[in-house]
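# Understanding the architecture of this molecule
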Amino acid sequence: MPADLHTRYMSATDTWGTHLKGCPTCTAERRCPDGAPLRERFERLQDAYLNHLRAKRGTS
């Protein structure tokens, strides 16, 4: 699972980053209808991955 989680997180990072570079509407604070779900997926996976690392290291 952790390797799969990392792969999905990196893929979401790349997908969001590519969209952000090419979209004149999306910013850190604002998202277009296509960009919003990409950013949300990136954020969810980032949180999950960081929580996994914290649990693995025994920190909070």
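Located above this text is the structure these notes cover.
Below is a short write-up of the structure. (Residues numbered from 1 in each chain as written. Predicted model: local features only at pLDDT ≥ 70, side-chain atom pairs only at ≥ 80, totals over all residues. Heavy atoms only, no water.)

## Observations concerning the side chain of histidine 19
Filter applied, for reference: Under the DSSP-based scheme used, a helix requires at least four consecutive residues in state H or I and a strand at least two consecutive residues in state E, with every element numbered from the N terminus. For the exposure calls, accessible area comes from a 1.4 Å probe over protein chains only, and a residue counts as buried if that area is under 20% of its type's maximum, exposed if over 50%, partly exposed in between. The contact criterion used throughout is that any non-hydrogen atoms of two residues lie within 4.5 Å.
For histidine 19, the location among the structural elements is in helix α1 (residues 2-22). Of the residues examined, histidine 19 reaches a relative accessible area of 19% and is grouped as buried. In contact with histidine 19, other than residues within four places in its own chain, are Cys26, Cys32, Asp34, Gly35 and Leu38.

## Observations concerning the packing of aromatic side chains
Here is the rule: Note on ring pairs: Phe, Tyr and Trp rings are taken, using the six-membered ring of Trp, and paired if centres are within 6.5 Å. Classes follow the plane angle, with under 30 degrees stacked, over 60 edge-to-face and the rest tilted.
Within this structure, the stated rule accounts for two aromatic pairs. Pairing tyrosine 9 with phenylalanine 42 gives two aromatic rings, centres 6.2 Å apart and planes at 20°, and the pair type is stacked. A residue pair is termed long-range when its members are at least 10 positions apart, and tyrosine 9 in helix α1 and phenylalanine 42 in helix α2 (residues 35-57) qualify at 33 residues. Here tyrosine 9 and phenylalanine 42 have matching classes, each one buried.

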